[in-house]
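Descriptive analysis of the structure
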Amino acid sequence: MERTGFEPFGEQLVSATDAQPKSRASKLLLRAGTTVFWSLVAGIVLARAAFFEPGIYDGFARVASLAKNLIF
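Residues numbered from 1 in each chain as written. Predicted model: local features only at pLDDT ≥ 70, side-chain atom pairs only at ≥ 80, totals over all residues. Heavy atoms only, no water.

For the structure shown, the criterion picks out one aromatic pair. Consider the rings of F37 and W38, whose centres lie 5.0 Å apart with planes at 80°: the pair is edge-to-face. (Phe/Tyr/Trp six-rings, centres within 6.5 Å; stacked < 30°, edge-to-face > 60°.)

This is the structure we're talking about:
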């Protein structure tokens, strides 16, 4: 007998084998989409590292301290 999993609200859980793409085109699109996503993530992180300016938030710190002094 196969055990079926349920989430806390009573919905039946889909097994991992049911969630996998079945056709070759689905697998190819999944891999391509995943590759594009992680390439964009890496590009954004590298761009942020390359163009990082440490003093960019100094103005915000002054405004935040002014607001803190006004409030308290």
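Turning next to the UniProt feature "transmembrane region" (unreviewed entry) in the chain. Here the UniProt-annotated "transmembrane region" (unreviewed entry) positions come out as residues 28-51. Each end of residues 28-51 is marked by a C-alpha atom, and these two atoms are 34 Å apart; helix forms 96% of the span and strand 0%. (UniProt positions renumbered as here; feature names shortened; annotations may be inferred. Helix = DSSP H or I, 4+ residues; strand = E, 2+ residues; numbered from the N terminus.)

A few words on helix 3 (residues 58-71). With 14 residues, helix 3 should cover 20 Å at 1.5 Å per step; its first-to-last C-alpha distance of 20 Å lies within 8% of that length. With respect to burial, helix 3 is a largely exposed element, only zero of its 14 residues being buried. (Expected span 1.5 Å × (residues − 1). Buried < 20%, exposed > 50% of the residue type's maximum accessible area, 1.4 Å probe, protein only.)

Overall, the predicted model of the chain reaches an average pLDDT of 81, with 82% of residues at or above 70. When mean pLDDT is compared element by element in the chain, helix 2 (residues 24-50) scores highest at 93, while helix 1 (residues 16-19) scores lowest at 57. (pLDDT = per-residue confidence, 0-100.)

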